[in-house]
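Working through the structure, step by step
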Amino acid sequence: MHDMSAHAVQHRAPTSFIRKYVFSLDHKVIGKQYYALALVAAFVGMFLSWMMRIHLAWTNAAIPGLQLLSKTGAPGGVMTPDYYLQLMTMHGTIMVFFVLTTAPFAAFGNFFLPIQVGAEDMPFPRFNMMSFWVTFSAFIVLMASFFVGDGPTLGGWTQYAPLNAVGSVAGPGQGTGVVLWAASIGLFCVGQLLGALNFITTTLDLRVKGMSLMRLPLSAWAWFITSCMGLTAFAVLMPACILVILDHVAGTSFFVASNLVINDQLVPHSGGSTLLWQHLFWFFGHPEVYIAIVPGIGIISHILIANMRRPMLSHRTLIYSMGALAVLSYMVYGHHMFVSGMNPFSSLAFSFPTLVITIPSTIIVLIATFSLYGAKLRINSASLFSLGFISMFVSGGVSGFFLAQPSIDIMLHATYFVVGHFHLVMGVAAMFGIFAGTYFWFPKMVGRMMNETLGKIHFWLSFVGAYCVFMPFHYLGMAGNVRRYSTFVDDFLQPLIPVHRFITVAALVTGAAQLVFLYNLIHSRFWGKPATDNPWEATSLEWSTATPPPFDNFGGKHPVVYHDPYQYGVQSSVGDYVMQASPEQVKTESEEK
């Protein structure tokens, strides 16, 4: 392993601006590029959600400037029902793919995985560069759908058949918009497959001397497990997107059944299966939930340990639980299809593992919670967002018990109950993991500290705001509020409009709180307090090198690992911890007793 790491980097430090900052082969620069892409995508997605929430609360209100984005979709700034669905589709697609997958996995993983295993770079640096630029191209293709034809597709981020395959006869955006959506997601899959190959090879082959698999930090384990999921999941979604494009441009009928009539027109396709798309999509879609959440679990565990000053109750059990989530995530995908008319026995077959998958999730939460008991936790922005992650993960996960039951899910599936569930457990929890990682690793990435006061203000506004936005979704769902509706004209929905207005105000305030984070990020990048090499007194390898790390990560030296990744609660020459790469032999407090 040590010899392979020594030869991992075959390229010299770049000197030109293009090779250093644009088409870089350095995994650290690529990690920053991924983070910047995710940051832009997050604010685009948030802006779209603002537009949707304003329309839901005040249906006939004109949104200034919206007509500039689409004259037909928002004449006079008033959003049409079709355009609402188009914005919803783009919001979901951008957030799921270009934020929740890109930031915790591709951005932080690219920057820190090679350093945490002691490598000089990824084994395939050109593949790594390609993975970012293919992903960036995918984002550009997706955004281009705003400006072509009749706008983006309105099929939702799930893009269900047959509407995704029959062309413009299905409605606005269902022609060119779908082709661009499918091309974008297909490209995204290629980028993630290239990245996953690099992550897996880095973890297995480039570990330095002494770095056994069980000595990997929990964050490195999370990225490795996620890359294994991504290698399978994205490999299924990519050909599915190709088949959609073929249905559009080549006249095939993969997802279109015979004798289908839409808008009083007989669709000239036959022999396809509308459920085939659901099987292909959700075989990717449910592992995607854990592709977004498992990196967050690893990141917040890594951060909490450094701030608790002691290891988790069981390092191995956490690793096995994350692995169990990865395996089980492929066995539960059918619970998204309870309303598809599947055989009741098939529903039970998917319902049982859906309940079983809560076991490793619960184990992870209990280990983190009981590890905190009695710990003298250092309260900072990173540790607060880590605690917030646990809170959101639990709150969102509890509603999953209801949706695991086919009989209950059939009643709740098309309501806001499901929207509240997945936003808390997948969206907000994953975002809190991203924020925690940013506050924790920012000093190592740029050499400056973020402002802690602004960070804590950002946390409390985001924490309270997220609950104000997404908890009421569950109440709306139980009241029968159907999701994807742009207006509420039915009598029984009229009393729910004040709830929507409360949610909208909360969403605007919570979104504004993210501007505090953006200011803190940009201001600290240029004018923040200079950071030391190890400001958190942490133990893993990324804190044993310079800040920011040199081009080859360790300045021409190859570290040797002597300890487990979390040696806290010891008496050493530097304090209550000992670095992984330190040859100093110490005893833990438990050993001394």
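Now for a description of the structure that goes with this document. (Residues numbered from 1 in each chain as written. Predicted model: local features only at pLDDT ≥ 70, side-chain atom pairs only at ≥ 80, totals over all residues. Heavy atoms only, no water.)

**Some thoughts on helix α6 (residues 125-144)**
Put simply, the rule is: Secondary structure counts use DSSP, requiring at least four H or I residues in a row for a helix and at least two E residues in a row for a strand, with both numbered from the N terminus. To estimate the expected span of a helix, count its residues, drop one, and scale the result by 1.5 Å. Residue exposure (1.4 Å probe, protein chains only): buried if accessible area is under 20% of the type maximum, exposed if over 50%, otherwise partly exposed. Whether two residues are in contact is decided by their heavy atoms, any of which lying within 4.5 Å being enough.
The first and last C-alpha atoms of α6 sit 29 Å apart over 20 residues, in line with the 28 Å expected at 1.5 Å per residue. Every buried residue belonging to α6 is among Pro125, Asn128, Met129, Ser131, Phe132, Val134, Thr135, Ala138, Phe139, Leu142 and Met143, and all of these are buried. On its buried side, α6 packs onto α2 (17-22), α3 (27-57), α5 (81-117) and α7 (176-205).

**Observations concerning the side chain of threonine 89**
Keep this limit in mind: Counted as a polar contact is a pair of N or O atoms within 3.5 Å, where, for protein atoms, one must be capable of donating a hydrogen and the other of accepting one, and residues adjacent in sequence contribute only when both atoms are in side chains.
On the secondary structure map, threonine 89 appears in helix α5. Residue threonine 89 is classed as buried on the basis of its relative accessible area, which comes to 0%. Reaching out from threonine 89, the side chain makes a polar contact with the backbone nitrogen of glycine 156 at a distance of 2.7 Å. If we skip the residues at most four places from it in the chain, threonine 89 touches Thr153, Leu154, Gly155, Gly156, Trp157 and Gln159.

**Side note on the pattern of salt bridges**
Selection rule: The working definition used for a salt bridge is a side-chain nitrogen of Lys or Arg within 4 Å of a carboxyl oxygen of Asp or Glu.
Scanning the model with the defined rule gives four salt bridges in all. As a salt-bridge pair, lysine 28 and aspartate 26 come within 3.0 Å of each other at their nearest N and O atoms. For lysine 28, a relative accessible area of 5% gives the class buried. Here aspartate 576 makes a salt bridge to arginine 309, at a shortest N to O gap of 2.9 Å. In this pair, aspartate 576 sits in the loop between α17 (497-527) and α18 (589-592) while arginine 309 sits in the loop between α9 (274-308) and α10 (315-328), placing the two residues 267 residues apart along the sequence.

**Some thoughts on the environment of tyrosine 519**
Within the element layout of this structure, tyrosine 519 appears in helix α17. Here the alpha-carbon distance between tyrosine 519 and valine 44, two residues 475 residues apart in the chain, equals 16 Å.

**Section: a nonpolar patch on the surface**
Note the threshold: Candidate patch residues must exceed 30% relative accessible area and have no salt bridge, after which like charges are joined if within 9 Å and Val, Leu, Ile, Met, Phe, Trp or Tyr side chains if within 5 Å. To measure how exposed things are, a 1.4 Å probe is used in the Shrake-Rupley method; for residues, cover is taken only from the protein chains shown.
A cluster of nonpolar residues, Val394, Val398, Phe401, Phe402 and Ile408, forms a patch on the protein surface that exposes about 400 Å² of accessible area. Top element by residues in the nonpolar patch is helix α13 (residues 381-403). It accounts for four residues. Here valine 394 shows up in helix α13. Residue class for valine 394 comes out partly exposed when judged on its relative accessible area of 35%.

Take it as geometry only, folks, not as evidence of what the structure does.
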